[in-house]
Amino acid sequence: MSKRLKLGALTTPRKLRSGKVLAKESTKKTSPYFDGEKSLPTNDRAKDRSPVKIKREATEDKEDAKSVDVTSSVKKKSEDIEESALSADAENIKIEKFDLKNEITEESVDVKTTKKGEQWMPPNWEIILKNIREMRKHGTAPVDEMGCHKCADPNASPVVSRYQSLIALMLSSQTKDQVTHAAMQRLNTFGCTPAILATISDEVLGKLIYPVGFWKRKVEYIKRTSIILLDKYDGDIPRTVKELCDLPGVGPKMAHICMRIAWGEVSGIGVDTHVHRICNRLNWVRRPTKTPEETRNELEDWLPRSLWSEVNHLLVGFGQEICLPRFPKCSECLNKDICPYRSKSSEKAKK
């Protein structure tokens, strides 16, 4: 087929997408390749196509708008789904926390009670306590003759005697009974009243109480406490554990013992290092405790209140003579056959 016939076929009328038919171009305006005409084809076709192009773009814009609407709606739905999922997760977390709280509460209740609903008590505790009483019946321990209850001046007035018992307890912290008793004898001879100790110099007071543990700090505590007692209690001591613990250098152990010695009231068990050590050795605590205050809470949970007044004195003397911190005299103890600590020590020795 000749090139002219091919060009003729290209110049046949064409039907657009819109249905409009383009007019056939004139044969006079053929390509200059054949007739030497230098003029180029007109832009009628481009002009005819322009409205179609605009229309198509508008259609695409509508489609794009629809797709944007669909996308936004899908996105919104997905956000709603996520929010509902988050709210459901939050509810589940609340439920789980509530269940966990209930489980913790149930466990805390179970700590103090047995499976049968009875209060927990250590095995053989009555036999062990009876044997300790037997070993302590002669009263030969340092606490029996030089304890804080023996440090007050027997000729002093009740107010001064209570003050001296409190000072003795403050000095006894981290100090042996023999050292505390000797320091109190020097203070009583010098004049152990709040008015006197509040006014003397730190140097003089330090010499009177030396060599008790942390004597420099205790000098400060004694002077500050004496001033507070003069200003707030007319030279007497407080009658509640809370007010006693508010005094400088006074802790729960001192407060409970002071309530018993000075006021004759049992407010709790005084737990020092001896009581803390022995209760853990005898398994008189449900779980091993790390501080004397934890031991006091455990001991008061099960020990009958009628025994609170004597247990400190019994165990302190027992710890000074038999159940020593190092190298306890287990062979001399009446509880050697039922003591959990002795059985553990024997097993370690065999290994």
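Sequence order sets the numbering: in each chain, residues are counted from 1 along the sequence as written. Local features in this predicted model are restricted to residues of pLDDT 70 or higher, and side-chain atom pairs are both shown and tallied only at a pLDDT of 80 or more, whereas totals for entire chains, interfaces and linings draw on every residue. Excluding hydrogens and water, the side-chain figures rest on all heavy atoms present in the structure.

For the chain, an unreviewed UniProt entry supplies the name Endonuclease III homolog and the organism Ooceraea biroi. Here is the UniProt Cofactor (unreviewed entry) comment for the chain, exactly as written: "[4Fe-4S] cluster". UniProt positions are given in the numbering used here, feature names are shortened, and annotations may be inferred rather than shown by experiment. Looking at the Sequence similarities (unreviewed entry) heading of the UniProt record, one finds this comment for the chain: "Belongs to the Nth/MutY family."

1. Remarks on the packing of aromatic side chains
For this analysis, a ring pair means two rings from Phe, Tyr or Trp (six-membered ring only for Trp) whose centres lie within 6.5 Å, classed as stacked if their planes differ by under 30 degrees, edge-to-face if by over 60, and tilted for the remaining angles. All chains considered together, the criterion is met by 4 aromatic pairs. Ring centres of tryptophan 125 and tryptophan 302 lie 5.2 Å apart, and the angle between their planes is 70°; this geometry places the pair in the edge-to-face category. Taken together, the residues tryptophan 125 in helix 4 (residues 125-135) and tryptophan 302 in helix 14 (residues 292-302) connect sequence positions 177 residues apart. In this structure, tryptophan 125 and tryptophan 302 share a single accessibility class: buried. Remark: exposure states derive from per-residue accessible area (1.4 Å probe, protein chains only) relative to the maximum for the residue type, with buried under 20%, exposed over 50%, and partly exposed in between. Residue classification places tryptophan 302 among the buried residues on the basis of a relative accessible area of 3%. Among the aromatic residues, those joined into a cluster by ring pairs are Trp120, Trp125, Trp284 and Trp302. The criterion for a charge sitting over a ring is simple: Lys NZ or Arg CZ within 6 Å of the ring centre, and within 35 degrees of the ring normal. Directly above the aromatic system of tyrosine 341 lies the positively charged group of arginine 281, at a separation of 4.5 Å from the ring centroid. The way it works is that DSSP assigns letters per residue, a run of H or I at least four long becomes a helix, a run of E at least two long becomes a strand, and they are numbered from the N terminus.

2. Notes on the pattern of salt bridges
Take a side-chain nitrogen of Lys or Arg and a carboxyl oxygen of Asp or Glu: if they are within 4 Å of each other, that pair is a salt bridge. On inspection of all chains with the given rule, the structure shows 11 salt bridges. The salt bridge partner of aspartate 236 is arginine 162, with a shortest N-O separation of 2.9 Å. Taken together, the residues aspartate 236 in the loop between helix 10 (215-232) and helix 11 (241-245) and arginine 162 in helix 6 (residues 158-172) connect sequence positions 74 residues apart. With respect to burial, aspartate 236 and arginine 162 carry one shared label: buried. Among the salt bridges present, the one from glutamate 265 reaches arginine 239, with a minimum N-O distance of 3.2 Å.

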